[in-house]
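Observations on chain architecture
This is what each chain is made of:
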Amino acid sequence: MSLRAFLILALLIAVVISAVAVVQTRHQHRQLFVALSDLEQERDDLNIEFGRMQLEQATWADPARIENLALNKLGMKYPSAEELRVVGQ
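My aim in this report is to walk through the structure given alongside it, one point at a time. Computed from a predicted model, the values in this text were never measured in an experiment. (Residues numbered from 1 in each chain as written. Predicted model: local features only at pLDDT ≥ 70, side-chain atom pairs only at ≥ 80, totals over all residues. Heavy atoms only, no water.)

**Section: the overall build of the protein**
Put simply, the rule reads: Helix numbering and strand numbering both begin at the N terminus, where a helix is a DSSP run of H or I of at least 4 residues and a strand a DSSP run of E of at least 2. Note on method: radius of gyration uses C-alpha positions; expected globular size equals 2.2 Å times residues raised to 0.38. Only protein chains enter the accessibility calculation, which uses a 1.4 Å probe; a residue is then buried when its area is under 20% of its type maximum, exposed when over 50%, and partly exposed in between. Accessible surface area values rest on a Shrake-Rupley calculation with a 1.4 Å probe, where residue burial reflects the displayed protein chains alone. In this tally, Lys and Arg are treated as positive and Asp and Glu as negative; His is ignored, and so are the chain termini. Charge positions come from single atoms, namely NZ of Lys, CZ of Arg, CG of Asp or CD of Glu.
A count of helices and strands for the protein gives two helices and zero strands. Computed over its C-alpha atoms, the radius of gyration of the protein comes to 36 Å, more than 25% above the 12 Å expected for a compact globule of 89 residues. Considered along the principal axes of its C-alpha atoms, the protein spans approximately 115 × 35 × 15 Å. Across the 89 residues of the protein, 1% fall into the buried class. Carbon and sulfur atoms make up 66% of the accessible area of the protein, which totals about 8700 Å². Looking at the protein, you have 9 positive and 11 negative side-chain charges, and the mean spots of the two groups are 10 Å apart.

Structure (structure tokens):
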């Protein structure tokens, strides 16, 4: 085998290896992009759910709602002036 034929064969092998590496890298890139898209969608869904939970918390913690529950459901009432005691130090 001549030196020229050996060089051509070596270059052909290098080109094939390079092509396989490019295909593998592009495939990996596509897989990672799909995973990234899925994670971004999950993040967006979690942000929406977090916003809903914050709104729900604000609704449940509304002072007017708590006062209404205390008065109606628990039978609590504001103390009268005679029932108040001032405690000193």
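More follows now that the structure is in view.
**Quick look at the pattern of salt bridges**
Rule in force here: Each salt bridge in this description consists of a side-chain nitrogen of Lys or Arg and a carboxyl oxygen of Asp or Glu lying within 4 Å of one another.
Taken as a whole, this structure holds three salt bridges when the rule is applied. For the salt bridge of E49 with R52, the shortest nitrogen-to-oxygen distance reads 3.7 Å. Linking E49 with R52, this pair stays in helix 1 (residues 3–60), spanning three residues, or about one helical turn. In this structure E49 comes out as partly exposed when scored by relative accessible area, which is 35%.

**Brief notes about a nonpolar patch on the surface**
Keep this limit in mind: By definition, no residue in a patch forms a salt bridge, and every one has over 30% relative accessible area; like charges are joined within 9 Å, nonpolar side chains (Val, Leu, Ile, Met, Phe, Trp, Tyr) within 5 Å.
A cluster of nonpolar side chains, namely M1, L3, F6, L7, L9, L12, I13, V16, I17 and V20, defines an oily patch on the protein surface of about 1000 Å² accessible area. With respect to the secondary-structure elements, I17 resides in helix 1. For I17, a relative accessible area of 54% gives the class exposed.

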